[in-house]
Amino acid sequence: MKKQHVPASNKRRTFLGQVISGAAMLGFGAMVSPSTVKASEKWIEADGLSEADAWFNKIKGKHRIVYDVPNPHEMFPFAWPRVFLLTNEKTGTPSNESNVVVVLRHNAIPYAMQNSLWEKYKFGELFKINDAATKAPATQNAFWQPKPDAFKVPGVGPVAIGINDLQKDGVMFCVCEMAMTVYSAVIAQQTNTKAEDVKKEFLEGLLPGIQPVPSGVWAVGRAQEHGCAYCFVG
């Protein structure tokens with residue numbers, strides 16, 4: 001049988017995909033060393049209240065919901081928060097009196113990051129996020145500052161579901177630091193770089209207003225403790 005040559009770049013992407021899939025199947029545990037977990041000890045503040053806990057204390061609305069987003073799922077992680085706000089407005093509650101929390105965790109963490117990181121680390125390929133128009137791996141975050149008519153819903157028309165648009169109406173976005181720790185370590189392993197440097201890039205490359213939290217499951221729990229109904233977004 002003739003041996004097929006595989007370009008080095010394809011080998012890298014294949015390896016990363018396999019390792020990320022393995023980390024998902026193992027619940028991250030096998031991929032995380034004690035030293036990487038220790039990086040999150042900064043969450044403990046002197047007064048016993050973490051920055052992330054203080055962020056959740058802003059939830060005071062009449063109607064409250066948390067969207068749990070562990071995987072990319074087309075436009076739903078962003079369309080459903082808008083639907084929640086619109087339909088509450090139609091039933092008498094202004095958007096500023098409702099609370100929506102979106103937890104970006106696991107394979108959905110790229111949505112929390114700027115386009116430069118999508119390009120550098122090929123998030124579209126690694127996390128299997130395709131461009132809606134070309135069907136090719138996405139090279140940028142489609143939900144950050146999209147054009148006004150970028151997203152349309154049959155029977156409704158254009159909808160403002162960019163992260164920036166939703167933030168203007170009070171939607172709160174947070175991202176799992178544990179997932180960033182794991183995936184930055186995976187990327188560093190294959191690119192012969194330091195995991196802490198990659199993770200630093202992740203944190204510095206977060207979109208404005210997105211709150212890092214110790215873990216996504218921690219955030220889902222905190223949101224429910226603050227009275228948010230739970231909604232899974234596949």
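Further up the page is the structure itself.
Residues numbered from 1 in each chain as written. Predicted model: local features only at pLDDT ≥ 70, side-chain atom pairs only at ≥ 80, totals over all residues. Heavy atoms only, no water.

Chemist: Could you give me a rundown of the overall build of the chain, with the residues and numbers involved?
Modeler: When its secondary structure is counted, the chain shows ten helices and seven strands. Looking at the chain alone, contacts between residues at least 24 apart form 72% of all its contacts between residues at least 6 apart. Accessible area for the chain stands at about 12300 Å²; split by element, carbon and sulfur atoms hold 55% of it. (Helix = DSSP H or I, 4+ residues; strand = E, 2+ residues; numbered from the N terminus. Contact = heavy atoms within 4.5 Å. Areas by Shrake-Rupley, 256 points an atom, 1.4 Å probe, with all protein chains shown as cover.)

Chemist: Give me the lowdown on the sheet that holds strand E7 (residues 229-232), citing residues and values where you can.
Modeler: Pairing in this open sheet of five strands is parallel, and the strands run E6-E5-E2-E1-E7 from one edge to the other. Looking at strand neighbours, the two that pair on one side only are strand E6 (211-213) and E7, the edges of this open sheet. Sheet twist, expressed as the average angle between the axes of neighbouring strands with direction ignored, equals 25 degrees. With seven bridges connecting them, strand E1 (residues 63-69) and strand E2 (residues 98-104) associate as parallel partners. Of the residues in E2, the one forming a bridge with Tyr67 is Val102. (Pairing = 2+ DSSP bridges. Axes fitted to C-alpha atoms, helices over the stretch in contact; angles between N-to-C directions.)

Chemist: I'd like a rundown of the layout of surface pockets, residues and numbers included.
Modeler: Empty space within the largest pocket amounts to approximately 590 Å³. Classifying every residue of the lining of the largest pocket by side-chain character gives twelve nonpolar, five polar and four charged. Every residue lining the second largest pocket is listed: Ala79, Arg82, Val83, Leu86, Thr87, Lys90, Val153, Val156, Val159 and Ile161. Per-element tally for the lining of the second largest pocket: the top contributor is helix H4 (residues 76-90), with six residues. Each residue belonging to the lining of the second largest pocket can be placed in one class, and the counts come to seven nonpolar, one polar and two charged. (1 Å grid on protein atoms, 1.4 Å probe; cavity = no way out; pocket = protein on both sides within 12 Å on 5 of 7 lines; lining within 4 Å. Points joined across faces, edges and corners; volume = space filled by probe spheres on them. Nonpolar A, V, L, I, M, F, W, Y, C, P; charged D, E, K, R; others polar.)

Chemist: Help me get a handle on the pairing of E1, residues and values and all.
Modeler: E1 sits mainly inside the fold: five of its seven residues count as buried. Where the polypeptide runs from E1 across H4 and back to E2, its parallel neighbour, the crossover connection is right-handed. With four bridges joining them, E1 and E7 adopt parallel strand pairing. The partner of Asp68 across the bridge, within E7, is Phe232. (Buried < 20%, exposed > 50% of the residue type's maximum accessible area, 1.4 Å probe, protein only. Right-handed = clockwise from strand over helix to strand, strands pointing away.)

Chemist: Any details on the packing of aromatic side chains? Residues and values, ideally.
Modeler: Tallying each qualifying case throughout the model produces 15 aromatic pairs. Note on Trp55 and Phe56: the rings are 5.0 Å apart at their centroids and 85 degrees apart in plane angle, and the pair reads as edge-to-face. Note on accessibility: Trp55 and Phe56 belong to one class, buried. Taking 5.2 Å as the distance between ring centres and 75 degrees as the angle between the ring planes, the aromatic pair formed by Phe127 and Tyr183 counts as edge-to-face. Separated by 56 residues along the polypeptide, Phe127 in the loop between helix H6 (123-126) and strand E3 (152-153) and Tyr183 in helix H8 (residues 177-191) bring together distant segments of the chain. As far as burial versus exposure is concerned, Phe127 and Tyr183 are alike and both buried. Within the aromatic cluster, the residues linked to one another by ring pairs are Phe78, Tyr111, Trp118, Tyr121, Phe123, Phe127, Phe143, Phe151, Phe173, Tyr183 and Phe202. (Phe/Tyr/Trp six-rings, centres within 6.5 Å; stacked < 30°, edge-to-face > 60°.)

Chemist: Tell me about the nonpolar core, and please be specific about residues and values.
Modeler: Counting 47 residues, the largest nonpolar core has Leu104, Phe173 and Phe202 as its most contacted members. Here the element with the most residues in this core is H8; it accounts for seven residues. Not counting residues within four places of it along the chain, the set of residues in contact with Phe173 comprises Trp55, Phe78, Val102, Leu104, Ile163, Leu166, Gln167, Gly209, Ile210 and Gln211. Membership of the second largest hydrophobic core comes to 15 residues, among which are Ala52, Val103, Met172 and Ala219. (Core = buried A, V, L, I, M, F, W, Y, C linked by side-chain atoms within 4.5 Å.)

Chemist: Talk me through unusual backbone geometry; I want residue IDs and the actual numbers.
Modeler: For His106, which is not a glycine, the phi torsion comes out positive at approximately 55 degrees. The topology assignment puts His106 in the loop between E2 and helix H5 (115-121). For Lys128, which is not glycine, the phi dihedral falls at a positive 55 degrees. For Lys128, the position within the fold is in the loop between H6 and E3. Note on Lys128: relative accessible area 68%, which makes it exposed.

Chemist: Residues and numbers for the environment of Asn88, please.
Modeler: As for its placement among the helices and strands, Asn88 is situated in helix H4. What makes Asn88 buried here is its relative accessible area of 10%. For Asn88 and Ser98, which are ten residues apart along the polypeptide, the C-alpha to C-alpha distance reads 7.9 Å.

Chemist: I'd love a proper account of the side chain of Arg82, names of residues and values included.
Modeler: Position of Arg82 among the secondary structure elements: in helix H4. A polar atom in the side chain of Arg82 sits 2.9 Å from the backbone oxygen of Ala160. Filtering out sequence-adjacent residues up to four positions away, Arg82 remains in contact with Ala160, Ile161, Asp165, Leu166 and Asp169. (Polar contact = N/O pair within 3.5 Å; in protein donor to acceptor, adjacent residues only side chain to side chain.)

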